[in-house]
Every structure is written in structure tokens, then in C-alpha cells.
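Observations on the three-dimensional arrangement
Read off the chains here:
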Amino acid sequence: MAKIIGGITTAHIPAIGVAMDKGLENEPYYRDLFAIYPPIREWLEEEKPDIAVLFYNDHGLEMFLDKKPTFAIGCAPEYENADEGWGIKPIPPVTGETELSWHIVNHLIENDFDPTVCQDIKVDHGATVPLTLLWPNFTYKGIKVIPISINCERHPMPKPSRSLAFGKAIGDAIRCWDKDSKVVLLGTGGLSHQLDGPRAGILNAEFDNWCMDKIVSDPEAICQYSNVELVEKGGAQMVEIAMWLAMRGCIEGEVEERMRNYVSPISNTAVGVQLLIPKD
Ligand code: DHB
Ligand code: FE
């Protein structure tokens, strides 16, 4: 059967991808941020997952304000990068895993979730920056990826508890897939940040660290907050924690927090990174 071997949270700030391209990892501005990635890459090298189930948000590339699925699942054989933020980077497409995608879709619909099925979809920095951070030099070509998007751009958005439950249903689907595959989960985005409007630049280290603690020990505690309360605490894009909740929801029971990093700000965002291992 398929096995979830761990979950990783990471920001997906486009500027981080640009910093990698320019070899700025050891510059004072970026050094503390990039310090966490080599040990996580080593863990990935050792564990060799076959598949990454990647929770991201489409920032308006394929799902603009006029058509906004609450939850959408990639069911495509590959996913081309079309992130326009800093000019489209000519990077190789991400390889899909359609059999597991469809298994997840069927399981979700049987369990009262109704995701949008995307058989032809391009991905943005929400997916490509984490993949290039964790598998640099296009080595993400060595794994298959299932991108799953959660609406974080326009209200109404799914309640935090719904994103957690969505993740739980996906975790159940993965565990009952009868292929001996190793699956790593990626929860991208966050933590506190707001990119525009009068509160642009807001950061909240205390709340971010509380969220990181609760992602480990008690993700339900984060669900006490509505999306509006999350915005009040950590800015308009704090709602990207939905992807962390979905990732954490996939893992049954307790987790060991193997690694953590928190650096703020990078660009406009507080960057939290964690590696979680299921205790089983
Ligand atoms: C930034 C952060 C994001 O989450 C994003 O999607 C785009 C930009 C930033 O801080 O620059
Ligand atoms: Fe974002």
C-alpha cells in the first residue's frame, strides 16, 4: 500500500526562486532562510519518495477571480510552469501521477468532497518554487507530483476546519491506494503576510510560531479562527495556512517535528519551514 513518509511546509515566495537562480543563497539577506533546505534535501535523498502530493494555491494563473474552485486536483500527465511573476522561467514540466490523482478524486467524491478535476492545467510559483527549492537543478523530474489547489484568493474561502478535513480525506485515499509508493506531502505558502492594501507588510511572529507549534501538536486549534480572524492576525495572505492544514490533515495521529526554521521577513513574508514525520 502507499505510505506517507512525511510532510514539509515551506513558503513559495517567487523571490526565493529568483535568489536560487542568481546564486544568492549565501548572501546575508538569504543565508538564514536557505540554511534549512540542505538538511531537508538530504532527508529526501535518503527517503526517496516516489510521489509528492503538493498543496498550493493558484494565485490567478488558471483560476482567476471569475472562476475559482474551492478545491481542485491535478489529474494531468504533466504540469507546465506558467508563473508570470518574474518572467516565465523555462523550466521542465512537472510529471503527474494520474492513477493516484483519480483514486484521490474518486475517494473524495465518495466521502462528500467535490473537487474540481483539472486534466489540463499549468502551475504557478505556489507549486514550482517549493519543488525547485526541495529538488534543485530540475531534479524534481525524478518524482511524480499531484498538485492540489485550495482557494486563498477570493472570499468565500474554505473554512480552516474544512481544509483540515479535506486533507484527512486525501490522507485516507493515499493510505488505501494499493501501490507500494512512498508519498511526501508538501504544504506551501504562509505564514503571515499581506501583499497589498493599507496593511501591506504586516507580520506576526508570535502568531506564526503558535501556528507552527499547533501544526505539530494540535492542528484543530488553528481551526478556532475564521478566515477573517486569520487575516486580522497575520494579513490577507495568512489564509495560505489552509495548505498547511490540508497537509497536516493527511497525516493520521502524532508527528515528530524533525526540523524547523522561521525567518521573517523574506520579501513581504514570514517564512516558516517544517519537516514532520508520522509517528505511526
Ligand atoms: C510573496 C508571497 C507570496 O505568498 C506570493 O504568493 C507572492 C509573493 C512575497 O512575499 O513576495
Ligand atoms: Fe502566495
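This text follows the structure it describes.
These lines cover the structure that appears in this document, whether it is placed above or below. (Residues numbered from 1 in each chain as written. Chains lettered and ligands numbered in written order. Predicted model: local features only at pLDDT ≥ 70, side-chain atom pairs only at ≥ 80, totals over all residues. Heavy atoms only, no water.)

1. A few points about the pattern of salt bridges
Rule in force here: A side-chain nitrogen of Lys or Arg and a carboxyl oxygen of Asp or Glu constitute a salt bridge if their distance falls within 4 Å. Comment: elements are numbered from the N terminus, with helices defined as DSSP H or I runs of at least four residues and strands as E runs of at least two.
Using the criterion set out here, one finds 13 salt bridges in the structure. For the salt bridge of D172 with R175, the shortest nitrogen-to-oxygen distance reads 3.0 Å. Taken together, the residues D172 and R175, both in helix α6 (residues 160-175) and 3 residues apart, mark about one turn of the helix. The partner of E257 in a salt bridge is R260, and the shortest N-O contact between them spans 2.7 Å. A cluster of three or more residues bridged by salt bridges with shared partners is formed by D172, R175 and E252.

2. Structural notes on the coordination of the iron ion (ligand 2)
Expected angles at a metal are 109.5 degrees for tetrahedral coordination by four donors and either 90 or 180 degrees for octahedral coordination by six donors. Rules: Here a donor is an N, O or S atom found within 2.8 Å of the metal, or within 3.2 Å if the metal is Na, K or Ca; sites may look incomplete because water is not among the atoms. Between buried and exposed lies partly exposed: a residue is buried under 20% and exposed over 50% of the maximum accessible area for its type, with that area taken using a 1.4 Å probe on protein chains only.
Within the first shell, the iron ion (ligand 2) binds the protein through H12 (NE2), H59 (NE2) and E240 (OE), at distances of 2.1 to 2.2 Å. Here the donor residues of the iron ion (ligand 2) share one chain and are spaced in sequence as H-x46-H-x180-E. Here the residue H12 occupies a position in the loop between β1 (3-10) and α1 (14-21), and H59 occupies one in the loop between β2 (51-56) and β3 (71-74), the gap between them amounting to 47 residues. Overall, the relative accessible area of 4% leaves H12 in the buried class.

3. Points about the site of ligand 1
Cut-off, in case you're wondering: Any residue with a non-hydrogen atom lying within 4 Å of a molecule or strand is treated as near it. We call two N or O atoms a polar contact when they sit within 3.5 Å, provided that within protein one can donate a hydrogen and the other can accept it, with sequence-adjacent residues counted only if both atoms are side-chain atoms. Under the convention used here, a 1.4 Å probe and the Shrake-Rupley method define accessible areas, while residue burial counts only the protein chains that appear. Residues were grouped as follows: Ala, Val, Leu, Ile, Met, Phe, Trp, Tyr, Cys and Pro as nonpolar; Asp, Glu, Lys and Arg as charged; and all remaining residues, including Gly, as polar.
Taken together, the neighbourhood of ligand 1 is formed by H12, I13, P14, H59, H125, H193, L195, E240, S267, N268 and T269. For ligand 1, an oxygen atom lies 2.7 Å from a polar atom in the side chain of H59. One nitrogen or oxygen atom from the side chain of H125 is found 2.7 Å from an oxygen atom belonging to ligand 1. With the chains in place, 90% of the 300 Å² that ligand 1 exposes on its own is no longer accessible. Taken together, the residues of the shell around ligand 1 break down into 3 nonpolar, 7 polar and 1 charged.

4. Focus on the sheet that holds β2
Heads up, the condition is: Only strands that DSSP links by at least two bridges are regarded as paired with each other. To get an axis, fit a line to the C-alpha atoms, keeping to the stretch in contact for a helix; angles then go from 0 to 180 degrees between the N-to-C directions. Contact definition: two residues touch when any of their heavy atoms are within 4.5 Å.
Pairing within the open sheet is mixed, and its 8 strands lie in the order β6-β3-β7-β2-β8-β1-β10-β9. Both outer strands of the open sheet, β6 (116-118) and β9 (255-266), are each paired with one neighbouring strand and no more. Neighbour-to-neighbour, the strand axes of the sheet open up by a mean angle of 15°, direction not taken into account. Sitting on the sheet, helix α3 (residues 37-47) touches β1, β8 (182-188), β9 and β10 (269-278), and the angle it makes with β1 is about 165°.

5. With respect to unusual backbone geometry
Cis peptide bonds are those with omega within 30 degrees of zero, and the linkage from G190 to L191 qualifies with -10°. Relative to the helices and strands, L191 is located in the loop between β8 and α7 (205-217). A positive phi is found at D112, a non-glycine position, where the angle reads about 70°. The residue D112 is located in the loop between α4 (98-110) and β6 in this model. Overall, D112 belongs to the exposed group, its relative accessible area being 61%.

6. Things to note about the nonpolar core
Soluble globular proteins: nonpolar side chains tend toward being buried together. What counts, and what does not: Take the buried Ala, Val, Leu, Ile, Met, Phe, Trp, Tyr and Cys residues and link them wherever side-chain atoms come within 4.5 Å; each set so joined is a nonpolar core.
In terms of nonpolar packing, the biggest core is built from 51 residues, with V53, F55, I104, F166, I170, I174 and L185 touching the most fellow members. A per-element tally of this core places helix α10 (residues 241-250) first, with 8 residues. Discounting chain neighbours no more than four positions away, the residues touching F166 are F55, F71, L108, F113, I148 and I150. Among the nonpolar cores identified, the runner-up in size contains 46 residues, and Y30, L186, V271 and I277 belong to it.

7. Considering the side chain of R248
What counts, and what does not: Charged-residue counts in this description rest on Lys and Arg as positive and Asp and Glu as negative, His and the chain ends being excluded.
Looking at where R248 falls in the secondary structure, it is placed in helix α10. Of the side chains with opposite charge, E220 comes closest to the buried, unpaired R248, at an N-O distance of 7.2 Å. Beyond its immediate stretch of four places on either side in the chain, R248 contacts I215, V216, P219, G253, E254, V255 and L276.

8. Thoughts on the packing of aromatic side chains
We apply this condition: Pairing of aromatic side chains here covers Phe, Tyr and the six-membered ring of Trp, requires ring centres within 6.5 Å, and sorts the geometry by plane angle: under 30 degrees stacked, over 60 edge-to-face, intermediate tilted. To sit over a ring, a charge needs its Lys NZ or Arg CZ within 6 Å of the ring centre and within 35 degrees of the ring normal.
Following the criterion strictly, the structure yields 9 aromatic pairs and no others. With a centroid separation of 4.9 Å and an interplanar angle of 90°, the aromatic rings of Y29 and Y30 are classed as edge-to-face. Judged by relative accessible area, which is 45%, Y29 ranks as partly exposed. Pairwise contacts between aromatic rings join Y29, Y30, F34 and Y37 into one cluster. The cationic tip of K233 hangs over the ring face of F207; the distance from NZ or CZ to the ring centre is 5.4 Å.

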